[in-house]
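Inside the fold
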Amino acid sequence: MQALQSSLSDHALPISSAPIRTSTATAKNVALLIHELQQLLPASSVILSTESQRPFECDGLAVYQQLPLITVIPETVDHVQAILRLCHLYQVPLVPRGAGTGLCAGAMPHAEGVLLVMTKLNKILHINANAATATVQPGVRNLALTEAVQDLGLYYAPDPSSQIACTIGGNVAENSGGVHCLKYGLTVNNVLQVKLITIEGQLITLGGEGLDEPGMDLLSLFIGSEGLLGVVVEVKVKLLPRAPRVQVLMAAYDSVTKAGDAVAALIGQGIIPAGLEMMDHLAISAAEDFVKVGYPTEAQALLICELDGTDAEVEEQLAVVSECFKEHGATSIRIAKNATEAQALWQGRKAAFPAVGRISPDYYCMDGTIPRGKVGYVLTRIQELALSYGLRVANVFHAGDGNLHPLILFDASIDGQLEQAELLGGDILTLCVDVGGTITGEHGVGLEKMPQMPYQFADAELAQFRRLKEAFDSECLLNPGKGIPTLKYCQEYRSLQHG
Amino acid sequence: MGDLTQQLVEQIQHAHATKTALNIQAGNTKASLGRHTSGQVIDVSQHTGVLSYNPTELVITARAGTKIEHLNDLLAQTQQRLPFEPPAFAGEATIGGTVAANQSGPSRPWFGSVKDSLLGLGLINGYGQAMQFGGQVMKNVAGFDVTRLQCGAMGGLGLITQVSIKLLPAFKLTQTLTFEMTAQAALDTMQHWSNLSLPITGMCHFQNKGQSLLYVRLQGGISGVEDAQVFLGGESLLPAKADAFWQALNQGTLMQRQDHQTLWCWGGPSDAPFDRVPNTCMINWAGAQRWVLEDTSNTRSQGLEKSLCQYQGGNRLGEVNGTVSVPQKALQQRIKHAFDPHSILNAGRVYSWM
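Residues numbered from 1 in each chain as written. Chains lettered and ligands numbered in written order. Predicted model: local features only at pLDDT ≥ 70, side-chain atom pairs only at ≥ 80, totals over all residues. Heavy atoms only, no water.

1. Some points on the nonpolar core
Core analysis: the largest hydrophobic core is formed by 175 residues, its most contacted members being A:Phe325 and B:Ile335. Among the elements that line this core, the one with the most residues is helix H15 (residues 417–434) of chain A, at 8 residues. Lining this core are residues from two domains, each supplying at least three of them: domain 1 (5–170 + 335–339) and domain 2 (173–312) of chain B. Look past the residues within four positions of A:Phe325 in its chain and what remains in contact with it is A:Leu249, A:Ala251, A:Tyr253, A:Ala262, A:Leu266, A:Leu276, A:Leu303, A:Cys305, A:Ala330 and A:Ile333. (Core = buried A, V, L, I, M, F, W, Y, C linked by side-chain atoms within 4.5 Å. Buried < 20%, exposed > 50% of the residue type's maximum accessible area, 1.4 Å probe, protein only. Helix = DSSP H or I, 4+ residues; strand = E, 2+ residues; numbered from the N terminus. Domains from an automatic or database assignment. Contact = heavy atoms within 4.5 Å.)

This is how it looks when you write it as structure tokens:
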């Protein structure tokens, strides 16, 4: 998102910006809050100046920017608890934030609120090699956790593209996935316990020491709740043993439909690869230009497939996968001969976003998920839509689980093009819903996808979400204006649709 | 077979208007679990049928009253399976009840519980509103996860009308090995093997009739299972006998509880020492689940340890699940109220206060 951040840093909020709850906090309350925060925290942890708050004004989706009233950086769980109590007492909105790598403006600050930056709670508290679990503070980076347990032959499975920077707390808030979640699941499938602080400042532990707890699954509800229900202060995760062998192969196709069909056929044959990614022609060319790993630039689609397991298992699967790819018209298949070659095949995929950033001044990343069988149809339809807007779209995505990441290329310096890109993005998301999918597979709703929420959900469902939110946060102080649209917002949306 | 959604909606709307307590029931195989409650039966057993199943999508959507046995038979035809291996309870268990009671089988530590495979569901809340949450796709983070919230709620947040479940390919080969060893030795062994990337799908230690055996089930591709069998050694169990063992374990009949006995279930870290749970007679889930069978007269009356549940038998009118913290109790009550303001749906099944 480098390109996007640099060129758009002074760009105004786009047209789809959702209404944000206006704080009911009085000026006197705000002054009291600031005074108490300054008493509570070290001077460097309470940031008031515009200049010093500037780095926090957006997350990874930099087109949405807002300076907070005040930024606080707690160092202990007690700090977090006290800050939440004060916000509750003085009725000041609060937005939690990790590393700010999110892609839905879920961590965009509130103009009249506190931005709670959790990155200083960054300790790995306990590693239990026997039970293969780790207990960490929310500010621990995703990759740092895997690095800390690699000598034990273990790793933490969810691996979002931002894993070098993103935090486990942020992963919990967004229910993050990654290239390996086809086989190993999302955050919700890999977290055993979460300790959170409620807006009243109470500590609640969800999940237990064992595998299942009696009663409603509050832990699953909390994971992916985008900072609307509470603030994570501790996470216990499951670790997995590293597979003895990993094999990567790549298949090229002369059409995206053929590649899409190959993916559906492979899964239908009972093979669940550790990862199964697809890139289209524009993405292949951009990646090859950037990293030069020998991708066939004439191909219309490329599949990158990773298999893992014991030697015998991998050999067995490799034969089936190669055969299946051939049967579905692969024009070439390349099997990595060693770890270096495997790394090279992955490198292009991993560098695809920055690579696309090189061929366009700006790009906008979408995140719809669709049934696997609809990949060919949806990709074709996306190209038609793009043409009608006069924009280009590159596709790099998790084909195995139908999670699309269309990258809309545009130039924000051209008047109106950002708005066009947004409209195209909205059309792509509603297309995903129309074919039986969802507007977001792993990036979250945040502020960005609020306009599409009433398209995916009926009023009764949205009202149920709001009642659930109120059960945790009756005054809607936690991350207001994100995730779940208000009743008024929905009414306006419906009247626009019918008008 | 048919769609009874409208009828169920009307029944719940009427109960909401008249504040009548309802008891959701389909196969009635979970009556011995949770607390005993009274209420007018709302019958979901005829609300059945597979709504969509496309093997290449690895997803099935079925109405809540559809039997587990029916799903298992259907999926076997295309070499697929329900990943969480739910108990079929003599063929009567339904998919709706399985989700509500969060029932997963011996493969739980390796293939996850119900929530790990649940993609979406239809739900009628206590207002009598039919709603859809989640979906049929693999990844979906739009809105709160109301879908997985239902796992274990025992119908207290709504009547489940239909579910969509992620499937997995069937195993090509299954092999069960047994090893004679003490419970503590079995705990150590299970820990060790769990961390070795072996195709294990079940590890259970059972003491019965003077025998103390560790059962290890291997499932997966042919070569992977064969290699693991050579690596682990042990005695190989005949398929029919092995199948009967895992079935009995899954359906809770392995320990043959008598009427005067209470069956306790403990859930905790798999590496907890054996004496953490005194009088354990069976260890499942590689150590993460332990079972104690006691005369009801011995019942632990001093309040339940959080991780201990009075699974079957004993007094079912008092609390059967461990205590929760005061803030969490209040939170759960507010959530119950958010779905079911008059507390008409399966009230008191999990806790007396909910």
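From this point, the narrative continues.
2. Focus on the pattern of salt bridges
Once their charged atoms are close, side chains differing in charge can pair, the charge on each being opposite to the other. Using the criterion set out here, one finds 21 salt bridges over all chains in the structure. Note that B:Arg148 is salt-bridged to B:Asp145, the shortest N-O span being 2.7 Å. B:Asp145 matches B:Arg148 in its accessibility class, with the two residues each being buried. Taking the shortest distance from any N to any O, the salt bridge between B:Lys336 and B:Asp340 comes out at 2.8 Å. A single salt-bridge network, built from bridges that share partners, covers A:Arg245, A:Asp311 and A:Glu315. (Salt bridge = Lys/Arg side-chain N within 4 Å of Asp/Glu carboxyl O.)

3. Examining the interface of chain B and chain A
On the side of chain A, 81 residues touch chain B, which itself brings 67 residues to the contact. Approximately 5900 Å² of surface area, both sides summed, lies buried where chain B meets chain A, with 58% of it carried by carbon and sulfur atoms. The three residues of chain B that bury the most area against chain A are B:Lys139, B:Val141 and B:Phe144, which together make up 16% of that side's buried surface. Linking chain B with chain A are 4 salt bridges, by the criterion used here. Here chain B and chain A share 24 residue pairs in polar contact (both at pLDDT 80 or more) between them. Elements with a minimum of two residues in the side of chain B that touches chain A: helix H4 (108–111), helix H5 (114–117), strand S7 (130–134), helix H6 (146–149), strand S9 (168–169), helix H7 (183–194), helix H8 (222–232) and helix H10 (326–339) of chain B. Sort the elements by how many residues they give to the side of chain B that touches chain A and H10(B) lands first, with 8 residues. For the side of chain B that touches chain A, the residue count by class is 31 nonpolar, 24 polar and 12 charged. (Buried area = accessible area lost by both parts, 1.4 Å probe. Polar contact = N/O pair within 3.5 Å; in protein donor to acceptor, adjacent residues only side chain to side chain. Nonpolar A, V, L, I, M, F, W, Y, C, P; charged D, E, K, R; others polar.)

4. Examining the domain arrangement of chain B
All names here are of chain B. Along its sequence, chain B is organised into domain 1 (5–170 + 335–339) and domain 2 (173–312). A separation of 27 Å is found between the C-alpha centroids of domain 1 and domain 2. Domain 1 puts 17 residues into the contact, and the matching count from domain 2 is 15 residues. Carbon and sulfur atoms supply 55% of the area buried between domain 1 and domain 2, which totals about 1200 Å² over both sides. Sorting the residues of domain 1 by area buried against domain 2 places Phe-89, Pro-106 and Trp-110 first, and these three jointly supply 43% of that buried surface. Linking domain 1 with domain 2 are 1 salt bridge. Among the salt bridges present, the one from Glu-85 reaches Arg-217, with a minimum N-O distance of 2.8 Å. Where domain 1 touches domain 2, the interface holds 5 residue pairs in polar contact (both at pLDDT 80 or more).

5. Remarks on the side chain of A:Glu313
Mapped onto the elements, A:Glu313 comes out in helix H11 (residues 311–327). Summary of buried charges: A:Glu313 has no salt-bridge partner, and the nearest side chain of opposite charge, A:Lys183, is 6.5 Å away. If sequence neighbours within four positions are ignored, A:Glu313 has contacts with B:Pro199, B:Ser223 and B:Gly224. (Lys, Arg positive; Asp, Glu negative; His and termini not counted.)

6. Digging into the packing of helix H14 (residues 375–389) of chain A against H15(A)
Residue and element names in this part refer to chain A. At their nearest, the axes of H14 and H15 sit 10 Å apart, and the two run at 155° to each other. Taken as axis vectors, H14 and H15 run roughly antiparallel relative to one another. The chirality of how H14 crosses H15 is right-handed. Contacts from Tyr-377, Val-378, Arg-381, Ile-382, Leu-385, Ala-386 and Tyr-389 in H14 reach Gln-420, Leu-423, Leu-424, Asp-427, Ile-428 and Leu-431 in H15. Each residue belonging to the contact of H14 with H15 can be placed in one class, and the counts come to 10 nonpolar, 1 polar and 2 charged. (Axes fitted to C-alpha atoms, helices over the stretch in contact; angles between N-to-C directions. Parallel < 35°, antiparallel > 145°, perpendicular 65-115°, else oblique. Left-handed = near helix turned anticlockwise from the far one by under 90°.)

7. Describing the sheet that holds strand S13 (residues 275–280) of chain A
Residue and element names in this part refer to chain A. One open sheet accounts for 7 strands, arranged S15-S12-S14-S13-S17-S18-S16; its pairing is antiparallel. Every other strand in the sheet has two partners, leaving strand S15 (332–335) and strand S16 (362–365) as the edge strands with one partner each. Pairwise comparison of adjacent strand axes, ignoring direction, gives a mean angle of 20° for this sheet. In this sheet, strand S18 (residues 406–410) lies alongside strand S17 (residues 392–397) in antiparallel orientation, the contact comprising 4 bridges. The residue bridging Ala-394 from the neighbouring strand is Leu-407, located in S18. In this fold helix H9 (residues 256–268) packs onto strand S12 (245–253), S13 and strand S14 (301–309), with an angle of close to 170° to the strand it touches most, S13. Here helix H13 (residues 352–359) sits on the sheet and contacts S13, S16, S17 and S18; the angle it forms with S16, its principal contact strand, is near 140°. (Pairing = 2+ DSSP bridges.)

8. Some remarks on the pairing of strand S16 (residues 289–295) of chain B
All names here are of chain B. Along S16, 5 of the 7 residues are buried, which leaves the element largely enclosed by surrounding structure. Judged from the 3 bridges that link them, strand S15 (residues 282–284) and S16 form a sheet pairing that is antiparallel. Bridge pairing in S16 links Met-282 to Trp-291.

9. Description of the sheet that holds strand S17 (residues 308–312) of chain B
Residue and element names in this part refer to chain B. Pairing is antiparallel across the open sheet formed by 8 strands, whose spatial order is S13-S10-S12-S11-S15-S16-S14-S17. Each having just a single partner strand, strand S13 (235–237) and S17 make up the two edges of the open sheet. Between one strand axis and the next, the sheet turns through 25° on average, direction left out of account. Running at roughly 175° to strand S11 (residues 200–208), H7 makes contact with strand S10 (173–180), S11, strand S12 (211–220), S15 and S16 of the sheet.

10. What to know about the packing of aromatic side chains
By the definition in use, this model includes 11 aromatic pairs over all chains. Summarising the aromatic geometry, the rings of A:Tyr155 and A:Tyr184 are spaced 6.3 Å apart at their centres and angled 85° between planes, so their arrangement reads as edge-to-face. Remark: A:Tyr184 occurs in helix H7 (residues 181–184) and A:Tyr155 occurs in strand S7 (residues 154–155); sequence separation between them is 29 residues. Through successive ring pairs, a cluster of aromatic residues spans A:Phe457, A:Phe465, B:Phe133 and B:Phe144. A cation sits over an aromatic face here: B:Arg81 above B:Phe111, 4.4 Å from the ring centre. Between the NZ or CZ atom of B:Arg108 and the centre of the ring of B:Trp285, over which it lies, the distance is 5.9 Å. (Phe/Tyr/Trp six-rings, centres within 6.5 Å; stacked < 30°, edge-to-face > 60°. Lys NZ or Arg CZ within 6 Å of the ring centre and 35° of its normal.)

11. Brief notes about the packing of H9(A) against H11(A)
When two helices pack together, their arrangement is given by the angle between the helix axes and the distance between those axes. All names here are of chain A. Running from amino to carboxyl end, H9 crosses H11 at an angle of 145°, the nearest separation of the two axes being 9 Å. Between H9 and H11 lies a crossing whose hand is right-handed. On H11, the residues that touch Ala-262, Ala-265 and Leu-266 of H9 are Val-321, Cys-324 and Phe-325. Looking at the contact of H9 with H11 residue by residue, the classes come out as 6 nonpolar, no polar and no charged.

12. Comments concerning the state of the cysteines
Taken as a whole, this structure holds 0 disulfides over all chains when the rule is applied. With no disulfide partner, A:Cys432 has as its closest neighbouring cysteine sulfur the one in A:Cys365, 12 Å distant. (Disulfide = S-S within 2.5 Å.)

13. Examining unusual backbone geometry
The phi torsion of most residues other than glycine is negative, and most of the peptide bonds are trans. Residue and element names in this part refer to chain B. Backbone geometry places Asn-28, a non-glycine residue, at a positive phi of 55°. Along the polypeptide, Asn-28 turns up in the loop between strand S1 (22–25) and strand S2 (40–43). Phi is positive for Asn-102, close to 55°, though the residue is something other than glycine. Asn-102 gets classed as buried once you look at its relative accessible area, which sits at 14%.

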